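Commentary on secondary and tertiary structure
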Amino acid sequence: MCSTSCETPRECLDGALRALAAEDLKSSFGPAVIERTGSLVVARNRLDAEVARTVREGELTQAAERDGKATMASWLRGHHRLSQRESSRLVHAGRTLERLPVLAAAAAAGAVSVEVVTVLAPVVSDVNLARAEAQGVDVAAIDALLTDVAMTRSHADLRQAVGHYLARLDPDGIEPDPTEQRSLTFTKHTDGTVTIHGRLDAVGGEKVQTAVESIQHASRPAGDTRSRARQAGDALVQLADNALASGSLPMLRGHKPHVGVLIDLDDLMDTSSGAGAGAGRTTFGGIISAAKARWLACDGNVTRIVIGPEGQPLDVGQSKRLFPPHLRRAIEVRDRHCVFAGCDAPSYWCDVHHVIHWIDGGDTCLDNGALLCERHHTKVHHGFRIERQPDGRWRTWRPDGTEILIGQPFLISA
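For clarity, every value in this text was computed on a predicted model and none was experimentally measured.

Counted by the stated rule, this structure contains one aromatic pair. Their ring planes at 55° and their centres at 5.6 Å tell us that phenylalanine 340 and phenylalanine 384 sit as a pair that is tilted. Of this pair, phenylalanine 340 sits in the loop between helix 14 (325-335) and strand 6 (350-354) while phenylalanine 384 is found in the loop between helix 15 (374-380) and strand 8 (385-388), placing the two residues 44 residues apart along the sequence. Since its relative accessible area comes to 1%, phenylalanine 340 is described here as buried. What makes phenylalanine 384 buried here is its relative accessible area of 8%.

Across a sheet, paired strands are connected by hydrogen bonds in the backbone, their directions being either parallel or antiparallel. A sheet is described by the order of its strands in space; here three strands give the open sequence 3-4-5, paired in antiparallel fashion. Two strands bound the open sheet, and with one partner strand each, they are strand 3 (261-263) and strand 5 (287-288). Pairing of strand 3 with strand 4 (residues 280-282), which is carried by three bridges, proceeds in the antiparallel orientation. Paired with valine 261 across the bridge in strand 4 is threonine 282.

The subject of this paragraph is the pattern of salt bridges. Counted according to the given criterion, the structure contains 20 salt bridges. Salt-bridge contacts for arginine 398 lead to aspartate 67; the nearest nitrogen and oxygen are separated by 2.2 Å. One end of the pair, arginine 398, is in the segment after strand 9 (394-397); the other, aspartate 67, is in the loop between helix 2 (30-60) and helix 3 (72-80), and 331 residues separate them in sequence. Grouping residues by exposure puts arginine 398 and aspartate 67 together as buried. Across the pair glutamate 213 and arginine 228 runs a salt bridge whose closest N-O atoms are separated by 2.9 Å.

As a further point, take the nonpolar core. Grouped together as the largest cluster of nonpolar side chains are 25 residues, with contacts concentrated most on Leu103, Leu120 and Leu158. Of all the secondary-structure elements, those providing two or more residues to this core are helix 2, helix 4 (84-99), helix 5 (101-108), helix 6 (114-120), helix 8 (139-152) and helix 9 (155-169). In terms of residue count, the dominant contributor to this core is helix 6 (five residues). Non-local contacts of leucine 120, meaning those with residues more than four positions away in its chain, are made with Thr96, Leu100, Leu103, Leu146, Leu158 and Val162. In this structure, Cys338, Ala345, Leu366 and Ile386 belong to the second largest nonpolar core, which totals 22 residues.

So, on to the confidence of the model for the protein chain. Residue-level pLDDT values for the protein chain average 81, and 78% of them are 70 or greater. Predicted confidence for residues 316-320 stays below pLDDT 50, and this span has 11 contacts to residues more than four positions away or in other chains. Scored below 50 in pLDDT, residues 409-414 shows two contacts in the model against residues more than four places distant or in partner chains.

Covalent bonding between the sulfur atoms of two cysteines defines a disulfide. Using the criterion set out here, one finds zero disulfides in the structure. With no disulfide of its own, cysteine 338 lies closest to cysteine 343 among cysteine sulfurs, the gap being 3.8 Å. A disulfide-free cysteine, cysteine 373 has its sulfur positioned 3.9 Å from the sulfur of cysteine 338, the nearest such atom. On the basis of relative accessible area, cysteine 373 is assigned to the buried category, the value being 9%.

The contact between helix 2 and helix 4 brings their axes to 8 Å, and the two run at 90°. Here helix 2 is positioned roughly perpendicular relative to helix 4, judged by the angle of their axes. Between helix 2 and helix 4, the residues in contact are Ala49, Val51, Ala52, Val55, Arg56, Glu59 and Leu60 and Leu90, Val91, Ala93, Gly94, Arg95, Leu97 and Glu98, respectively.

Moving on: the environment of glycine 204. When you line up the elements, glycine 204 lands in helix 10 (residues 202-218). Separated by 22 residues in the primary sequence, glycine 204 and arginine 182 place their C-alpha atoms 8.2 Å from one another.

Relative to the 24 Å expected for 17 residues at 1.5 Å per residue, helix 10 spans 24 Å between its end C-alpha atoms, a close match to the ideal helical length. By the burial criterion, the buried members of helix 10 are Gly204, Val212, Ile215 and Gln216. All buried residues of helix 10 fall inside an arc of 105° around its axis, so they share one side. Seen from the buried face of helix 10, the exposed residues on the opposite side, beyond 90 degrees, are Ala202, Val203, Lys207 and Ala218. Between the side-chain oxygen of the N-cap and the backbone nitrogen of valine 203 there are 3.2 Å, and the N-cap of helix 10 in question is aspartate 201.

Inspection of the secondary structure assignment puts threonine 147 in helix 8. By relative accessible area, threonine 147 is classed as buried at 2%. Of the polar contacts made by the side chain of threonine 147, one reaches the backbone oxygen of aspartate 143; its length is 2.7 Å. Among all residues touching threonine 147, those that are not within four sequence positions of it are Val102, Leu103 and Ala106.

About the criteria used
- Residues numbered from 1 in each chain as written.
- Predicted model: local features only at pLDDT ≥ 70, side-chain atom pairs only at ≥ 80, totals over all residues.
- Heavy atoms only, no water.
- Phe/Tyr/Trp six-rings, centres within 6.5 Å; stacked < 30°, edge-to-face > 60°.
- Helix = DSSP H or I, 4+ residues; strand = E, 2+ residues; numbered from the N terminus.
- Buried < 20%, exposed > 50% of the residue type's maximum accessible area, 1.4 Å probe, protein only.
- Pairing = 2+ DSSP bridges.
- Salt bridge = Lys/Arg side-chain N within 4 Å of Asp/Glu carboxyl O.
- Core = buried A, V, L, I, M, F, W, Y, C linked by side-chain atoms within 4.5 Å.
- Contact = heavy atoms within 4.5 Å.
- pLDDT = per-residue confidence, 0-100.
- Disulfide = S-S within 2.5 Å.
- Axes fitted to C-alpha atoms, helices over the stretch in contact; angles between N-to-C directions.
- Parallel < 35°, antiparallel > 145°, perpendicular 65-115°, else oblique.
- Expected span 1.5 Å × (residues − 1).
- Arc of directions from axis to C-beta.
- Polar contact = N/O pair within 3.5 Å; in protein donor to acceptor, adjacent residues only side chain to side chain.

See the structure below:
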């Protein structure tokens, strides 16, 4: 049981969780397991509500700035390894609970989950609150009504009730900025394949579909047995090939966008090596086989980066203030992403920073370069400090001299 000598609620919580983890569940019968599960779900709901409330306070006080992060969502991702979706959900849940006090009380009591809070979030968006005010809608009454639905009806019923309220609030629909309806995300899998998730407005979707359809219909050889979905996938890749080959795409961090692959020279040259799928790594972190890397090299440039005995790219000896393309690539190979503590911004978002500033005599060389995203590049020029250790790890310090430490693994007491 939790010690009665706990000095803070968090210490009591830690003690209670330790006691729960120590309980033997193997000897529990069905009813006891069900009762335990129910009480834990309620406790989880209460804890999620408290996390959301705390995250909201951190947002209001800009607490993430202490660790050089722009938002609480980015702090949660970098310091506690939450996904983008989960960190955003906690931030929005905190905002929603602040504006719906009846729902907040139910969440604090464990009667509703953070998923329910997410469903009700559109009710208190700035746009919908303005519409409610213009129409004389009592948002407090809506708060109580929808919270009651959340506590007494199914999740599907709640979604329907919220949708009905929003539809009545704006029966004529809206004419939104089309860019506000667009989103596109790429999920990288362990075998290097990519899943695309997206949503486009009506006009934007029509444009993309027309472009894909034109290529799809232009490539229909006799005997083609591909499914329509596969044809569309091939057409989308061809559309990207055409854009890259045209040379008309915007510059990407000072260079023309291109597909890059890191692969050992032996694997690239030896077609009998039998190198597997993990032989090459793309710019965006995908894993491909040596055969695919050789295929890309047939129609592209090959840049040699000499790797030292301990796996580090060697200095290419440039002395220009701006890092030239081949030196930047060597730094990308070494750092892979922004080196600021808690940041995983990919290399293509990053600038190459002089660790010892150019004006202070710092050389433009591998040892004096570091990948930093735009935000953290600015932070380092305004008091924060980064330093690379002999073992290759990067460490970050705040302006007050304290080090930013990422959440450590849980220590299990003996």
